[in-house]
Structures are given as C-alpha cells and as structure tokens.
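Results of the structural survey
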Amino acid sequence: MSYTRITATPEYLLRKEVLALHAYHVPPGTDMVKLDAMENPYALPPQLRDEIGRLSADAAINRYPDSGAQRLKEKIHQLTGLPQGVNVLLGNGSDEIIQLLAMAVAKPGATLLGVEPSFVMYRMIAAFTGMNYVGVPLTENFELDCTAMLDAIQHHQPALVFLAYPNNPTGNLFDAEAIEQIIAAAPGLVVVDEAYHAFAGASFIPLLGRYSNLLVMRTFSKLGMAGLRLGFLAGGMAWLEQLEKLRLPYNVGVLTQLVAEKLLQHNDVLLQQAEQIRHDRTWLYGRLVGTVDVRAYPSEANFILFHVAHSARVFEGLKQRGVLIKNMNAAHTALTDCLRVTVGTPDENELFIRALQESIHQSKNDI
Ligand SMILES: *Cc1c(COP(=O)(O)O)cnc(C)c1O
C-alpha cells in the first residue's frame, strides 16, 4: 500500500519562494514564423556546417570537457578586446551566470536591485536564491530614473545591481553617464548585461579597468548560438577567482566548446548576420511606425517593442496567421497592451507586418 507522508509534498517541503514562482513559460513554436525569442533567423553557410559536422563526429564526447575551456576563453579574449587584467568566466548561457552571481552574494537579507520593466530572470533568480528583490521603475520613456536609482541604492544597499544594456524588453540603451553614476554610488557589484551588444555597438567593457565593482556579461545566444548555451562574464581577477569556485566544473560541454570556437573563428559570418538584422530592424521599425494604431519604441537590439490597442486580440490574430511574437501585456503595468517582435529575415518581417495589419483590422471589427 502506498500513502504520502505529509512532509513529502511539494507544498510542505519546498521553500515558499519557489512555490510562489510562476514557471518561465516557453510556448511551442513549431510550424510558426517564430519571432518571439530574439533568435538569429539565419542558418550558417553550408561549408561551415560541414566543418561543424566533422568536428562533432571527431569530438571526444566520452570524455569530460576541458573544465577551464582555455582555447575558447582565449578566443573570446582576443575577439572582445578585453582590457589588461580582465578575466572571463563562462556560463551555460548567461542565465547561469546571473544565478551564479546571485548565489555568491545571497547572504540573509541581501538585495538584488534591477529596473522595471527589464529582463525577468533577474527577479526570478533573486527569488530562487532567497534574495530580496527591488525593482526601480523606469521613466515613461523607459529611461533610467537616476534620482530614484540613487535613492534606492542608498536605501537598500544592494549587493548586486543588474542593468541590461540595451534593455530587454524595451530595446533602448540607457544613458551611459547615468549608469556610471550608479556604478560609482553602488556599495556592491554592478553587472551590465550586454546580451544585445552585437546590435547596439555600445559597451561598458572599456570601463572595466576604471570601476572595480563593475562586471560585464554577454551571451552568444542572440548572435546565432542560442541552442549552444554559452555566455561569459568579464571582470577583475579578484572577483572571478571567487566566482569560479561556484561554477560547476563541466558547465560548458564538449560540443559547445568545439562549435563555439569554430564559429568564433568565423566571427565575420555572425557579425554580417547581425549587420543584416540591424538593417532589417530599421525597415521593420519604419513599417511599425507607419501602421495605424501602433506606437513603436526605438530599439538598439534585435527586437522591437510596440504598443497596440486590443493587444490580446492582435496577438491571437497573429498566431492564427502563423506568426508567434511575445505578448508583454501581463509582464508589467508599464507594458500594458505591448507586444515584442524579434527581427527576422526580410520575408518573415514582411509576413509579420501583413499579418499584423490584418489582425489589427480584424480586432476592430470584432468589437
Ligand atoms: C536573452 C537574455 C539573456 C540570457 O541569455 P542566455 O541565452 O541565457 O545566454 C540575458 N540577459 C538578457 C537581457 C537577455 O535578453
């Protein structure tokens, strides 16, 4: 006979922060024009795919990976132009690095400070790790509210501050001087999350030497390697040496290391794709601005946030027409009636615009 002891239920056993979380929802995107997750829409050139095929066939997947990932790190160093004395820590995606940073500083009562709206994983990971989370609202135009930030820093003394640069889901680059003021005022670490660097150009990496509490994080996901899971954190040795202790030894697998090295040898291919995406972002933004009832926000990333009346119906209309984007409506009050679209191939973008116009038209007739 089997029975459940009262202590062996999730409600009894799990931390209340975990029970209170809503799982990060990833909708199935098969058969749809998938413009919801900031993925690079382009395949690799056939020759490079063949090379990856051979590399994978010869890979020693029976062996543990090189825990230090030395060759890959050197390649990253060289391509990123890191200042002297700056080191790199690799993560299984930058999500893992956010988690690692939070675990490292999560003393009882420690605070993680972010802005709202921004990347949801900062808040979720604060909850995972038992940290207090403080989200300072952005201004109406999604700029940093510098006074409110400095007040919150003074009041909450955060161990960790995350700023996405450009910000997700709003797409803008915050004022660099305001970020510097925040770094200078923060009593703990400030992490500038440059997930969309390839589409923006601006970076805080040159400032790593100036501020000892600054760390810069990047990911290869948005640049065409979302499936590989690879991100990195750049910062001073004193920090990275400690953080390395928390990194699980084999967090970056053999195939990820090999393929990422190969792709970084052909960095020009990825950068060319990013350049194409930037070009198409301009086209897409122009079409959004020219669509009645749509208010699009300027973007320095590979996605565009826009406001549209009856957003839920428009979102469903797009889905019915085979186009999946992201509904941001429920994510934050500042995002009411906002949707976010990832820049796709020119064909996908045109398809999206046509489906959007039809959906808006239909949403009005549905009332
Ligand atoms: C997508 C994203 C990440 C996470 O990327 P990984 O795929 O985990 O490397 C981190 N920060 C921001 C702001 C993002 O948008």
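Placed above this text is the structure.
Here's what I pulled together on the structure shown here.

Procedures and definitions
Sequence positions are assigned chain by chain, starting from 1 and proceeding in written order. Given that this is a predicted model, residues contribute local features only at a pLDDT of at least 70 and side-chain atom pairs are listed and counted only at 80 or more, while totals for whole chains, interfaces and linings are drawn from all residues. Side-chain figures throughout are based on the complete set of non-hydrogen atoms in the structure, without hydrogens or water. Nearness of a residue to a molecule or strand requires only that one of the residue's heavy atoms be within 4 Å of it. Side-chain atoms alone can form a polar contact between residues adjacent in sequence; in general such a contact is a pair of N or O atoms within 3.5 Å, and within protein one must be able to donate a hydrogen while the other accepts it. Computed with the Shrake-Rupley method and a 1.4 Å probe, the accessible areas treat only the protein chains shown as cover for residues. Salt bridge criterion: a side-chain nitrogen from Lys or Arg within 4 Å of a carboxyl oxygen from Asp or Glu. Residue burial is assigned from relative accessible area. The probe radius is 1.4 Å, only protein chains are included, and a residue is buried under 20% of its type maximum, exposed over 50%, and partly exposed in between. Helical segments are the DSSP runs of H or I of at least four residues, strand segments are the runs of E of at least two, and each set is numbered from the N terminus.

In the neighbourhood of the ligand, 14 residues make up the surrounding shell, with Asp193, Tyr196, Thr219, Ser221 and Lys222 lying closest. A distance of 2.6 Å is found between an oxygen atom of the ligand and a backbone nitrogen or oxygen belonging to Ser94. In the environment of the ligand, a nitrogen atom lies 2.5 Å from a nitrogen or oxygen atom belonging to the side chain of Asp193. Bound to the protein, the ligand loses 94% of the 390 Å² it would expose on its own.

All chains considered together, the criterion is met by 15 salt bridges. In this structure, the salt-bridge partner of Glu17 is Arg15, at a minimum N-O distance of 3.8 Å. Residue class for Glu17 comes out partly exposed when judged on its relative accessible area of 27%. Glu316 is the partner of Lys319 in a salt bridge, and the nearest nitrogen-oxygen pair spans 4.0 Å. Of this pair, Lys319 and Glu316 both sit in helix 13 (residues 311–320), three residues apart, which is roughly one turn of that helix. Since its relative accessible area comes to 35%, Lys319 is described here as partly exposed. By sharing partners, the salt bridges in this structure join Arg15, Lys16 and Glu17 into a single network.

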